[in-house]
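A look at the structure
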Amino acid sequence: MTLAWLIIVLLSGGILAWLTGRWSAAGSRWVALAALLVDLGLAASVLVRLPVASALPLDGVSGLAGFDRPWIAPLGIRFHLGVDGFSLVLVLLTLLLGLVALLAAWNTVREQPGFFLLNLLWVLAGTLGVFMALDLFLFYFFWELMLVPMYFIITVWGDTVGRHQAAVKFFIYSQLGGLLMLLAILALYFAHGRHSGLYTFDYGQLLGTPLAPAAGMMIMLGFFIAFAVKLPVFLVHTWLPDAYTRAPAPGLVILAGIMSKAGAYGLIRFVLALFPGPAAAFAPYGMSLGMAAILYGAIMAFAQRDLKRLIAYSSLSHMGFVMIGVFACNQLALQGVVMVMLSHAISISALFILAYAVEARTGTRDLERLGGLWSTIPRASGALLLFCMAAVGLPGLGNFVGEFLVLIGSYRVSVPITVFAALGLVTSVIYAVWIVQRVVHGPEAGKRRLPDLDVRETALAGILAAMLLWLGVYPQPVLKVTAAAMHAVQEEAALRSPAAQTDDATAAKAPMGFPAVEAAGWFKRGGQP
Amino acid sequence: MLELLFIVPCLPYAAALLFTLAGKRMPRAMTALIGAGSVGVAAAVALWISAGFITSPPPGRHYVQHLWTWWRIGSFQPAFALYLDAVSLVWMLVITVVGFLILLYATADMWAEDGYRRFFGTMDLFIGSMLILVLADNLVLLYLGWEGVGLCSYLLIGFWYKDPQNGYAARKAFVMTRVGDVALLLGLFLLFTQLDTLNIQELMTRARQTWPAGSFTPMLAAGLLLGGAVGKSAQLPLQSWLVDAMAGPSPVSALIHAATMVTSGVYLIARTHVLYTLAPPVMFATAVLGAATLLLAGFSGLVQTDIKRVLAYSTISQIGYMILAMGVGAWIAGVFHFMIHAFFKALLFLGAGAVIHVLGHERNLFKMGGLRKQLPLTFWTFLIGSGALSAVPLVTAGFYSKDLIIWQALASERGNVAFWIVGIIGAFLTSMYTFRMVFLTFFGPAKTEVRGRIGLPMQIPLVVLAALSLAAGFLQVPPVLGNLPAFADFMHGALPATVLAPGMATREGLFTVISAIVSLWGIFTIYVFIIGLPRFTAWLVRTPLGDRLYRFWLDGWGFDWVYDCLLVRPYVFLAHLNRNDGIDRLYQGIALLNRLGNRGLTRTQSGQVRWYATGFALGAVVIIGLAVFL
């Protein structure tokens with residue numbers, strides 16, 4: 001029941017904040033804060049009770065503190081929530097970043113603050129649902145719930161110029177992806193029903209549904225594209241620069257920080273676990289897309305003039321590591337993906353908050369017109385520098401742990417892809433030092449006194465920096481929580497992938513007919529641990 | 001007392017953290033006290049530990065301090081663990097002691113600068129990271145230090161950030177070394193995938209057990225690590241960043257770009273020497289790179305006009321010697337030269353810094369002169385440093401360390417005559433460019449007015465480093481001069497002795513005399529060129545060939561030009577070409593088609609009945625047609 005409360009508190013908190021907002025903006029903030037804190041407490045209580053070796057699906061049915069009620073019984077739709085270590089870590093991340101977003105919005109959102117908080121809390125509720133839903137229809141429901149408030153956040157509180165266009169673009173991309181996912185869910189539902197006679201959307205039941213290779217590939221791609229748009233993956237990323245540039249900073253904490261992680265979560269939870277065979281066959285392409293994203297994003301980032309747009313492309317670049325890690329699909333890479341997800345969520349949020357702080361003070365985020373901020377606002381400059389270094393993958397910060405693990409894991413699967421992806425460490429330096437040069441270093445763009453980060457902003461940057469540092473030097477507590485879940489995913493993928501089903505090594509090598517890449521020794525599946 | 005080891009890197013880190021948290025209110029004196037003091041205490045602790053290590057060596061002559069496990073994923077469990085043996089001890093001592101002296105100097109040299117706290121914060125962060133680099137017991141932690149020092153180097157080269165030129169130099173250093181770092185990282189991936197550990201000692205044991213000498217995998221691994229080493233240590237082909245790195249303050253050049261960070265590559269190779277012995281072709285390549293670098297940099301050093309750029313090329317060249325030593329298996333000689341080089345090169349940079357300081361940021365050699373009288377202390381200490389760099393026989397430490405490398409480049413079983421000849425030519429060049437600098441700076445007529453003065457905090461480091469540049473050589477005296485191999489004895493166990501080619505051991509005396517003569521002859525030659533026949537020198541430079549060579553060497557053999565044309569410009573061009581993201585065109589195209597379709601269909605809704613009637617009739621014809629024919 002606790003899991004249901006997590007969502008209920010946010011939904012009702014959102015409405016309450018909206019209602020309070022009609023009378024007092026400050027009051028609505030405190031309501032939202034209270035809702036988030038209550039939720040955080042609930043989530044922490046789940047964490048305490050979570051057994052170390054928890055992985056979905058626990059006993060094939062439900063996760064810890066699971067909540068399972070019939071919803072639309074005739075169609076086999078249930079309101080089924082459950083968590084394992086992986087989803088719980090993401091739930092905690094969502095709530096923490098929700099707090100960050102709230103603090104970032106504290107007194108910067110002046111227009112309809114109550115309605116803003118409603119959207120904020122509802123988008124968080126949707127995201128929590130996505131991370132906890134164990135019924136595919138419910139998952140789809142939350143997936144859409146996440147989308148609508150975000151559309152409003154961009155279109156109402158975004159930049160004065162271009163916000164509507166960006167919001168529509170974001171909405172159409174997501175919606176098309178969502179549509180494909182719905183079709184894929186239905187296809188899977190009927191395939192499973194026809195096969196077993198049991199028509200259900202339950203995740204645990206649908207695991208291991210036997211599918212013809214071609215059908216499996218089609219259904220898998222339906223899911224994949226939805227998640228790929230959200231992540232985003234190279235080629236379907238073009239909504240991202242516009243949306244990230246136009247959305248307000250608190251919205252970006254959610255959009256870039258958390259919602260992109262919902263895409264990553266989906267890839268691991270659904271694509272890998274439900275379709276091990278097709279996923280294995282798709283792996284070379286998935287990893288290649290990731291590699292392309294790393295390099296393409298970084299090169300694009302370097303060419304941008306708009307600070308936010310630059311950061312947006314850097315985000316695309318970093319999500320490439322997620323793709324590589326997911327499809328490398330061994331323990332090192334998957335745990336690396338978890339670290340990339342957490343660290344990137346933190347560092348990208350901080351970067352957007354700081355970009356806003358710079359823009360709010362200087363009135364511009366054009367790199368040609370900024371410069372020399374170190375002498376005027378040293379605290380903001382130092383923080384910006386730190387988070388740029390996080391983007392670079394500086395060891396000691398969480399991003400390094402993630403990227404290092406992903407690459408060391410993917411090295412056993414494909415050496416060439418790892419080599420090219422590792423070049424991303426050079427290209428990321430190029431754009432990161434470019435930010436530093438254009439914003440922090442250089443001659444002062446104007447002789448004026450600007451206020452440095454205030455207490456609220458300093459605290460935000462400080463908390464995010466401390467979290468990143470903690471993940472960088474001692475990530476073990478997090479990795480311990482997610483270890484069992486990642487093991488389960490890997491086993492699920494290994495157990496049902498064609499490679500494991502045939503003893504014949506040669507047949508295992510080219511399950512779906514990609515002899516060229518596999519025969520060249522470019523790709524090896526699995527690789528323990 | 002070895003348990004105190006963790007304090008050594010912690011102290012500078014703590015100071016850096018303190019500076020980060022402290023606001024602007026911290027007074028300068030306090031900044032200086034904490035900034036230099038923390039490293040001073042770290043140096044004291046390091047000395048104390050070293051004393052204990054030498055008097056009562058721990059079992060196995062190494063000590064491991066496990067702090068905490070970084071992460072555990074299967075068998076991959078890298079830790080924050082420190083590993084102290086003779087090699088890391090030498091590095092630790094140099095980093096803390098020389099680091100402290102340089103910071104002491106900096107308290108006065110940087111006093112008038114903005115960003116005093118930023119300077120000390122970054123310097124302390126650097127020293128902490130450098131200590132982690134050399135004390136790490138596994139390659140992941142080493143990589144943490146490795147990147148940490150890279151960041152600090154970047155920040156300190158760009159310390160005077162308002163000048164975009166400095167920012168450019170800083171970015172160049174960061175990006176170029178990062179290219180090497182990627183190679184290093186790939187080496188780590190390869191080693192871990194093959195041997196299932198990244199603990200350095202364990203790795204070496206397993207490598208020896210798993211791979212036969214000369215097989216492909218250790219060659220690849222050693223080659224990739226070498227890539228990291230040449231980037232960090234500014235060797236061919238990634239050397240050119242170090243010259244531009246002179247944009248930073250003098251203490252930065254002394255500490256990071258002379259004494260410590262740029263020798264990380266040498267450390268890495270010495271640390272993983274087992275891997276290199278399994279890969280003879282890579283060792284040969286290492287030696288060739290070192291030899292080529294020392295020669296190229298030597299020629300370039302000869303024509304520079306900026307005093308710090310002379311020293312930068314000299315550093316590249318001297319590290320070339322160390323890398324050459326690594327390549328011929330003269331491990332101990334390489335480490336010994338690292339230590340001596342740290343003393344005299346720090347001294348030279350601080351001396352040059354003092355000159356620049358009193359001349360009001362003047363760095364052009366041809367605007368200096370006659371400073372011998374006005375800056376006697378700086379002159380004498382600079383002379384000692386120059387003597388050590390030129391390997392003036394018997395009295396200077398550089399003689400003992402450099403001669404050892406040149407000799408072993410010939411005498412080692414992996415050495416040959418070509419390496420020896422390169423080493424000797426390099427030594428000759430070293431004497432020439434070094435004393436060219438001395439003569440131009442301290443002799444001849446004064447050209448720029450002396451404005452500042454050099455306080456005690458700047459004098460003490462000069463004197464101490466000068467003393468070390470003279471005395472430290474006696475730690476390793478060759479057989480012909482009394483045979484006192486204290487340093488080699490101390491290294492024993494951590495690094496193997498050089499295996500000499502048969503019949504070589506008895507000839508050392510002769511070759512020692514040759515290199516001694518070459519060193520002095522180089523000084524004499526440049527004396528003739530600069531003081532004796534300045535007009536002839538000027539004429540020589542103006543001849544067509546002389547002019548071309550002069551420019552070529554001044555530009556560092558055109559490497560920057562090549563990189564600019566092949567890499568930088570294409571990258572920038574391509575990035576800007578696609579600035580608006582070509583992939584989005586595809587989607588914009590779809591949107592456009594929709595809009596066109598919309599417009600087309602809107603046209604049909606014209607309100608004119610005949611159009612509607614025509615449409616209706618045509619539709620009916622098509623449907624009936626379909627029904628009839630299908």
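What counts, and where the lines are drawn
- Residues numbered from 1 in each chain as written.
- Chains lettered and ligands numbered in written order.
- Predicted model: local features only at pLDDT ≥ 70, side-chain atom pairs only at ≥ 80, totals over all residues.
- Heavy atoms only, no water.
- Helix = DSSP H or I, 4+ residues; strand = E, 2+ residues; numbered from the N terminus.
- Buried < 20%, exposed > 50% of the residue type's maximum accessible area, 1.4 Å probe, protein only.
- Contact = heavy atoms within 4.5 Å.
- Areas by Shrake-Rupley, 256 points an atom, 1.4 Å probe, with all protein chains shown as cover.
- Lys, Arg positive; Asp, Glu negative; His and termini not counted.
- Charge placed at Lys NZ, Arg CZ, Asp CG, Glu CD.
- Salt bridge = Lys/Arg side-chain N within 4 Å of Asp/Glu carboxyl O.
- Expected span 1.5 Å × (residues − 1).
- Bend = angle between axes of the 7 residues up to and from the residue.
- Axes fitted to C-alpha atoms, helices over the stretch in contact; angles between N-to-C directions.
- Parallel < 35°, antiparallel > 145°, perpendicular 65-115°, else oblique.
- Nonpolar A, V, L, I, M, F, W, Y, C, P; charged D, E, K, R; others polar.
- pLDDT = per-residue confidence, 0-100.
- Patch = residues over 30% accessible without salt bridge, like charges linked within 9 Å, V, L, I, M, F, W, Y side chains within 5 Å.
- Phe/Tyr/Trp six-rings, centres within 6.5 Å; stacked < 30°, edge-to-face > 60°.
- Lys NZ or Arg CZ within 6 Å of the ring centre and 35° of its normal.

The next point concerns the overall build of chain B. Along the backbone of chain B there are 27 helices and four strands. The proportion of buried residues among the 630 residues of chain B is 59%. For chain B, restricting intrachain contacts to residue pairs at least 6 apart in sequence, the fraction spanning at least 24 positions comes to 81%. For chain B, the accessible surface area stands at approximately 24,600 Å², while carbon and sulfur atoms represent 70% of it. In chain B, which carries 40 positive and 26 negative side-chain charges, the distance between the mean positions of the two groups comes to 9 Å.

Moving on to the pattern of salt bridges. Considering all chains together, one arrives at 21 salt bridges over all chains under this definition. In this structure, Arg269(A) and Asp84(A) form a salt bridge, with 2.8 Å as the shortest nitrogen-oxygen distance. Taken as a pair, Arg269(A) in helix α10 (residues 249-274) and Asp84(A) in the loop between β2 (77-83) and α3 (85-105) lie far apart in primary sequence, 185 residues in all. We note that Arg269(A), like Asp84(A), is buried. When the shortest N-O distance is used, the salt bridge between Lys162(B) and Glu444(A) registers 3.5 Å.

The first and last C-alpha atoms of helix α2 (residues 28-55) of chain B sit 40 Å apart over 28 residues, in line with the 40 Å expected at 1.5 Å per residue. At Gly37(B), α2(B) is deflected by roughly 25°, the largest bend along its length.

The next subject is the packing of helix α14 (residues 307-327) of chain B against helix α15 (residues 331-358) of chain B. All names here are of chain B. It is at 9 Å that the axes of α14 and α15 come closest, and there the two elements cross at 175°. It follows that α14 is roughly antiparallel to α15 by the angle criterion. Residues Ile 307, Lys 308, Leu 311, Ala 312, Ser 314, Thr 315, Gln 318, Tyr 321, Met 322, Ala 325 and Met 326 of α14 lie in contact with α15, whose contacting residues are Trp 331, Gly 334, Val 335, His 337, Phe 338, His 341, Lys 345, Leu 348, Phe 349, Ala 352 and Ile 356. Considered class by class, the residues forming the contact of α14 with α15 number 14 nonpolar, six polar and two charged.

Another point: the confidence of the model for chain B. Low pLDDT marks regions whose predicted coordinates should not be analysed in detail. With 100% of its residues at a pLDDT of at least 70, chain B reaches an overall mean of 89. Quick note on the complex model: pTM equals 0.91, ipTM equals 0.90.

Let us look at a nonpolar patch on the surface. Residue and element names in this part refer to chain A. Side chains of Val 168, Ile 172, Leu 176, Leu 179, Leu 180, Leu 183 and Ile 225 sit close together on the surface and give an oily, nonpolar patch of about 570 Å² of accessible area. Ranked by residues supplied to the nonpolar patch, first place goes to helix α6 (residues 163-196) with six residues. Considering the arrangement of structural elements, one finds Leu 176 in helix α6.

With that settled, the discussion passes to the packing of aromatic side chains. A full pass over the atoms with the stated rule returns 83 aromatic pairs over all chains. Considering the side-chain rings of Phe137(A) and Phe201(A), the 5.6 Å spacing of their centres and the 55° angle between planes classify their relative orientation as tilted. You can see Phe137(A) sitting in helix α5 (residues 136-157) and its partner Phe201(A) sitting in the loop between α6 and α7 (203-206), a full 64 residues away along the chain. Put simply, the rings of Phe400(A), Phe404(A), Tyr411(A), Trp68(B), Trp70(B), Trp71(B), Phe76(B), Phe80(B), Tyr143(B), Phe189(B) and Phe192(B) touch in pairs and so form one group of aromatic residues. Of note, Arg29(A) hangs over the ring of Trp106(A), and the distance from its end group to the ring centre comes to 5.5 Å. A cation over a ring is seen here: Arg118(B) above Trp374(A), with NZ or CZ 5.1 Å from the ring centre.

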